[in-house]
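One-letter residues, chain by chain:
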Amino acid sequence: EDIIEEEPEAVGKAALAYNATLLDEIFERSTAATIREQKFAAAAGITGGMILVGLAGWRLIEDEPQSDYTRGLGVMFMTLGMADLTTGVFAATRIPHERRRQERWERARKDGVTAIELAHFEGELQSSSETRNGERLLVRWNGLTHAIAGALVLAFTPLPSGSSGSDRVSGYVVGGLFMATGLAAFGTSFRPTPSEKAWLEYNNKKMPMPGHEFSWRMAPSISRRGAGLSFGGTF
């Protein structure tokens, strides 16, 4: 009887300790990887934005503008450059939710994680995975539209009969850059983010916790007036 009653509790404690240790390792790796990727995105956004803003300034303030086409490119470069610069600054100053989760997890680990707290952090890991998956899909389709825009620029550049050679060169350069960067973003979007990898790894390695399951026990009773046997169960 004692063995039957204590076995689920012992299994639950072992599963809790194993899953907490596993989650600790996964949180540490995924948080570090997320911060590295965010730093790279911030550097790329700020660098690309400053380059585009510089090109825009060159096109807009030149004393003898080549044509309305090149000045239009300057306006476009300025718009895209400021957008990329804003994205880069945001990525550089933003504190990812994975870091805040890591801080809460470390505080919880000091006092010992309960099964309920573990379930809460599992839910946070799943939510983070789904959020990063949505962001990755946004990058994918945004990259595809950039590539399509670049292809259209390349296709339409030679059509106007009155365009100069420098205008066509500018069109080919802009279209090629848009197409190349769009295809690069589209291709890299198929690589899962650290949070997605962490959630998949945790599900593959975690130990199942004992839940609602069938158990029974038998309790004999003896008194001066007689003897009896009682049964109890959980379904």
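Scroll up to find the structure.
Definitions and limits used
Residues numbered from 1 in each chain as written. Predicted model: local features only at pLDDT ≥ 70, side-chain atom pairs only at ≥ 80, totals over all residues. Heavy atoms only, no water. Helix = DSSP H or I, 4+ residues; strand = E, 2+ residues; numbered from the N terminus. Buried < 20%, exposed > 50% of the residue type's maximum accessible area, 1.4 Å probe, protein only. Contact = heavy atoms within 4.5 Å. Areas by Shrake-Rupley, 256 points an atom, 1.4 Å probe, with all protein chains shown as cover. Axes fitted to C-alpha atoms, helices over the stretch in contact; angles between N-to-C directions. Parallel < 35°, antiparallel > 145°, perpendicular 65-115°, else oblique. Left-handed = near helix turned anticlockwise from the far one by under 90°. Nonpolar A, V, L, I, M, F, W, Y, C, P; charged D, E, K, R; others polar. Patch = residues over 30% accessible without salt bridge, like charges linked within 9 Å, V, L, I, M, F, W, Y side chains within 5 Å. Salt bridge = Lys/Arg side-chain N within 4 Å of Asp/Glu carboxyl O. Lys, Arg positive; Asp, Glu negative; His and termini not counted. Charge placed at Lys NZ, Arg CZ, Asp CG, Glu CD. Polar contact = N/O pair within 3.5 Å; in protein donor to acceptor, adjacent residues only side chain to side chain. Phe/Tyr/Trp six-rings, centres within 6.5 Å; stacked < 30°, edge-to-face > 60°.

Trainee: Would you mind going over the overall build of the protein with me for this structure?
Mentor: Secondary structure assignment for the protein yields six helices and two strands. Each helix (α) and strand (β) of the protein, taken in turn from the N terminus, gives the series α-α-α-α-α-α-β-β. Considering the protein as a whole, with its 235 residues, one finds that 28% of them fall into the buried category. Relative to all contacts within the protein whose residues are 6 or more apart in sequence, the contacts with residues 24 or more apart total 74%. Surface exposure of the protein reaches about 15,100 Å², of which carbon and sulfur atoms provide 63%.

Trainee: So what exactly am I meant to see when it comes to the packing of helix 4 (residues 115–156) against helix 6 (residues 194–205) here?
Mentor: Each pair of packed helices can be described by the angle between their axes along with the distance between the axes. Across the interface, helix 4 lies against helix 6 with an axial gap of 8 Å and an inter-helix angle of 135°. Taken together, the axes of helix 4 and helix 6 lie oblique to each other. Helix 6 is crossed by helix 4, and the crossing has left-handed handedness. Contacts between helix 4 and helix 6 involve Leu 118, Glu 122, Leu 125, Gln 126, Ser 128, Ser 129, Arg 132, Asn 133 and Arg 136 from the former and Ser 195, Glu 196, Ala 198, Trp 199 and Tyr 202 from the latter. Partitioning the contact of helix 4 with helix 6 into residue classes produces five nonpolar, five polar and four charged.

Trainee: It is not clear to me how the packing of helix 3 (residues 97–111) against helix 4 should be interpreted in this structure. Could you clarify?
Mentor: At a minimum axis distance of 11 Å, the contact between helix 3 and helix 4 shows a crossing angle of 170°. Taken together, helix 3 and helix 4 sit at an angle that is classed as roughly antiparallel. Facing His 97, Glu 98, Arg 101, Arg 104, Trp 105 and Ala 108 of helix 3, the residues of helix 4 in contact are Leu 118, Phe 121, Glu 124, Leu 125, Ser 128 and Arg 132. Taken together, the residues of the contact of helix 3 with helix 4 sort by class into five nonpolar, two polar and five charged.

Trainee: Explain a negative patch on the surface to me, please; I cannot follow it from the model alone.
Mentor: Judged by side-chain charge, Glu 25, Glu 28, Glu 103 and Glu 106 come together as a negatively charged surface patch. Secondary structure elements with two or more residues in the negative patch: helix 1 (2–61) and helix 3. Along the chain, Glu 106 turns up in helix 3. Given a relative accessible area of 42%, Glu 106 falls into the partly exposed group.

Trainee: Explanation requested: a nonpolar patch on the surface in the structure shown.
Mentor: A grouping of Ile 148, Leu 152, Phe 156 and Leu 159 is seen on the molecular surface, where their side chains present a nonpolar patch of about 420 Å² in accessible area. Relative to the helices and strands, Ile 148 is located in helix 4.

Trainee: So what exactly am I meant to see when it comes to the side chain of Gln 38 here?
Mentor: Note on placement: Gln 38 falls in helix 1. The class of Gln 38 is buried, set by a relative accessible area of 15%. If near-sequence neighbours (up to four positions away) are discounted, Gln 38 is found in contact with Ala 91, Arg 94 and Pro 96.

Trainee: I'm lost on the environment of Thr 34 in this one. Help?
Mentor: Positionally, Thr 34 belongs in helix 1. Counting along the chain gives 161 residues from Thr 34 to Ser 195, while the straight-line C-alpha distance between them is 7.6 Å. Beyond its immediate chain neighbours, meaning those up to four positions away, Thr 34 contacts Pro 96, Glu 98, Arg 132, Pro 194 and Ser 195. Within the structure, the side chain of Thr 34 is placed 2.8 Å from the backbone oxygen of Ser 30, a separation counted as a polar contact.

Trainee: What am I meant to see in the packing of aromatic side chains here?
Mentor: The geometry of two aromatic rings is summed up by the distance between their centres and the angle between their planes. Evaluation of the coordinates by the stated rule reveals five aromatic pairs. A centroid spacing of 6.2 Å and a plane angle of 55° characterise the contact between Trp 141 and Phe 186, whose relative ring orientation is tilted. One end of the pair, Trp 141, is in helix 4; the other, Phe 186, is in helix 5 (residues 165–188), with 45 residues separating them in the sequence. On the basis of relative accessibility, which here comes to 22%, the residue Phe 186 falls in the partly exposed class. With a centroid separation of 5.2 Å and an interplanar angle of 85°, the aromatic rings of Phe 186 and Phe 190 are classed as edge-to-face.

Trainee: Just checking my understanding: could you explain the pattern of salt bridges for this structure?
Mentor: Close approach of charged atoms allows side chains of opposite charge to pair. Within this structure, the stated rule accounts for seven salt bridges. Measuring nitrogen to oxygen at the nearest pair gives 3.2 Å for the salt bridge that ties Glu 37 to Arg 191. In this pair, Glu 37 sits in helix 1 while Arg 191 sits in the loop between helix 5 and helix 6, placing the two residues 154 residues apart along the sequence. On the accessibility criterion, Glu 37 (31% relative accessible area) is partly exposed. Here Arg 191 falls in the partly exposed class, since its relative accessible area comes to 48%. Note that Glu 124 and Arg 104 form a salt bridge whose closest N and O atoms lie 2.3 Å from each other. Residue Glu 124 is located in helix 4, and its partner Arg 104 is located in helix 3; the two are separated by 20 residues in the primary sequence.

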